[in-house]
Amino acid sequence: MNVVSPPSDPTVQYLIGDLYHDLGIPHFQRGLVWNDDNTSLLLESLYFDTPCGTIILWKPEEPGEHGIPLLGSDKPQYWVIDGQQRIRSLRGALGPENGRSAQSTSDEEGDDTEPNARRVWCLNLSRVPELAGFFDPSMSRYPMFCLIADPTRQGARFKHNFIPLYLFFGDQDADIHARIKPANAATDEVVQQIKEIHLRRRIGQLRERQVFFLKTLRESQDKNENRLADVVALYNRINSAGKRVESEEKAFATLVSLYSPTNERLGQFFHAVHPPDEHDHPEGHANNLERDDILERRKERNFGFKLFIRTFIQVYAYRFGYSPGSNSFSFEVVNSLPFQMRLKNNTKEIERLFDRTDKVVRFVRWDILHDGLKCDDLQTLPDTMSLLPLFQLLIRFPDLIKPEMNRYAPVLSCLALRLLLVQNPSQEKIFKLVNEVNRAETAKDCLEKLHRSISQPADLREHLSIWLKDSNTLMDRYVLMLYWLLRKEGARDFSYKNLNETKRLWRQQGQEVALEEGVEPEKQHIVPYSLLKKLYNIEERGRVSRHPSNNIGNITYISHELNDYETGLGSDPIDLKWESPENREHHFLGADGEVRKSYENAKEMAKNANDTATQAFEEFCKCRRELIAEAFVKWVEELAPELTISEEVKPALRVDPSLWDRVRRLDCPDDIEDAMLEMITSGQLQLRTWRSKKTSAEKWVGRVSSPPDKGFIIRVFDDRLEVEPAADSPRYEALQNLMVDKGVSRTKQGVKDGNWVLQAQGENAVITSEILIEFGQQLSGIDLVG
């Protein structure tokens, strides 16, 4: 269907019906981020006929491949710039299926005992103003419109007073009345009130509401109006209803305007990092566009959309010579004029940046985390910010990613592990490490500097026991990383002999499964929480998030099935007599004699719920914490006692080299380059590219001066440095004395009359670096000129 001119005041039915077939989501749009609460409030607005804002569509001159169609149309006529969340949410709630196939985006505990049960949108009668007095007041804690398991289904939790909308849309008054169960009146009285307020007609009118203003932007190349770049700029200025557009989403939109295949590249990356799973796309969920998975911000910690955009910016910052820092790595960089001017109409450069981004992120995901650190389940990755120095290392020294360098994978994995083991690293510390990476001349030098700058095994031994003592939440970084450690040790499920006959895992009889992502590993309290909540008197508060009962010393991982209340352990304690000595050692992370005794004592004492029992439990946690800390340290030592490699891997070239890179390319001895960099850092020396007309051998010139004098000139050649003095400078006498002390005299042989010549190669190069260092100390307070 080709809609010629959508009305400015469309009905809801028109939006989710006729027009819906001609709509598409442009590549620069974010995914579907609204949850059930947002949709519920929108339905409530429809019920009360409240204006719901503007919807903006874009009609390009050529539909082209600007995005993804909402339905099966090959060429959508209109692309949704603002209003995606509202349109798609209403389609799910009020569309052809009347909400019968809707999928919830939230998990209400206890809402359903069948995870795959059909959920439908329902009206909560207690929230209808004219009916509120008839029902139990506790019902009012639920919203007016709820997405819940179908109340008409046998075994549903909510059987009464939550009426599926599809009953209102059909001629099913009897079915509606059968679902009514008032607390303070007779059913007939409520039914009569429902008729008097014309409730069924009012629900039916939800589709007929005209609560949106529809604005259509038509592209015109002749008038230079509403082009792709224009609508992207508009999109970035708009905050959509319910959830504002995040900075990374604006950055993504801008990238699409600069390079249309951005969405395709992001999709390729996403599928490489998150291989498709048949459970990701349940059959019958028509609104589940693949791009929603790709753009879903919920997975940002786990190598998703946000990380990809951030790494792209990190690659860009390095290639164009920006100093690393919170501003240069901000998503706002993409929307800056310099960024857009550099990359506009520069397809090859953008593709180069994407290629580098893709290689770096995939390498960290698979070679470092998956293979090196046993992190096959990214839900157990604490954060990616801590890994910023590792990303920068691979960006600056991309040769480390090459297959022939695979022998150094353990060193890089050790770097990642040491970075992640630091408790709550500050942003300042992280960026300091990133700067160290950028200042290193070779990968070998870089790794050795990082080795000295981050916690070494001896430091970890000292600090980990303290940090683990405070690890009292199930989402603590060390609790998450404990899963990797257990996998590395080869831990399996606890013995299935712990289960009674009715709980036997019929699919895995006899052989306990090893921990891996495929068994959906979950955290398990070793001393069950059911005992600890009595011990700590927290029964009335329900499950607590931060508490000694959740200390890492009492946490391990087992499969989802073994952790399940229906088929597994649930809250039952384990009996270690059924365990093999190997599996006990794998879970407790050490010789199981002392820790096993400590566990058995804590388990038995916890049943008594007294002060002695509390002490016994905390002794068990302390014992196991020490084993966990030592296991992490040993892992670091096994991977790489020191962060070092033998090859002199050089950094990748930049479009705009930094001063650090320029100095390092002089090919002088390290001591001389270090001395020059120190002078640059302190503001005493400025280098600029300058090739002499008299000799092509001259590579660099630097100037240090004391206004109004011209000051000293330092010229750099392949084999020497020449210092041209300024006799009228107040520093002249001090410099001359320094040269005399070091045995350097002014010469007229082959150089400009009166220059001091400092050797840049051979034995005398050491003297040159000493002169530069002392020279820099004497120049304190001298201003720099260009």
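Residues numbered from 1 in each chain as written. Predicted model: local features only at pLDDT ≥ 70, side-chain atom pairs only at ≥ 80, totals over all residues. Heavy atoms only, no water.

1. Looking at the pattern of salt bridges
Part 1 of the reasoning: Here the structure, examined in full by the defined rule, presents 29 salt bridges.
Part 2 of the reasoning: In this structure, the salt-bridge partner of Arg-362 is Asp-358, at a minimum N-O distance of 2.8 Å. Highlighted residues: Arg-362 and Asp-358, both in helix α14 (residues 347–372), separated by 4 residues, approximately one helical turn.
Part 3 of the reasoning: For Arg-362, a relative accessible area of 31% puts it in the partly exposed group.
Part 4 of the reasoning: One salt bridge connects Arg-461 with Glu-637, and the closest N-O pair in it is separated by 3.0 Å. Note that Arg-461 is positioned in helix α19 (residues 457–469) and Glu-637 in helix α25 (residues 611–639), a separation of 176 residues in sequence.
Part 5 of the reasoning: Residue Arg-461 is classed as partly exposed on the basis of its relative accessible area of 37%. (Salt bridge = Lys/Arg side-chain N within 4 Å of Asp/Glu carboxyl O. Helix = DSSP H or I, 4+ residues; strand = E, 2+ residues; numbered from the N terminus. Buried < 20%, exposed > 50% of the residue type's maximum accessible area, 1.4 Å probe, protein only.)

2. Concerning helix α3 (residues 84–94)
Part 1 of the reasoning: In terms of burial, α3 is a largely internal element, 10 of the 11 residues being buried.
Part 2 of the reasoning: Inspection of α3 places Gln-84, Gln-85, Arg-86, Ile-87, Arg-88, Ser-89, Leu-90, Arg-91, Ala-93 and Leu-94 among the buried residues, and these make up the whole buried set.

3. Brief notes about the environment of Ser-426
Part 1 of the reasoning: On the secondary structure map, Ser-426 appears in the loop between α16 (409–421) and α17 (427–439).
Part 2 of the reasoning: In the structure, Ser-426 is positioned 40 residues away from Ser-386 in sequence and 8.9 Å away in space, judged by C-alpha atoms.

4. Looking at the sheet that holds strand β2 (residues 54–59)
Part 1 of the reasoning: The sheet built from 5 strands is open, its strands ordered β3-β1-β4-β2-β8 with mixed pairing. If you trace the sheet from one side to the other, it starts and ends with β3 (67–69) and β8 (213–218), each paired once. Across the sheet, the mean angle from the axis of one strand to that of its neighbour is 35°, orientation sign disregarded.
Part 2 of the reasoning: Sheet topology note: the β2/strand β4 (residues 78–82) ladder contains 3 bridges and is antiparallel. What sits directly across from Ile-56, in β4, is Asp-82.
Part 3 of the reasoning: Relative to the sheet, α3 contacts β1 (23–26), β2 and β4, its axis offset from that of β4 by approximately 115°. (Pairing = 2+ DSSP bridges. Axes fitted to C-alpha atoms, helices over the stretch in contact; angles between N-to-C directions. Contact = heavy atoms within 4.5 Å.)

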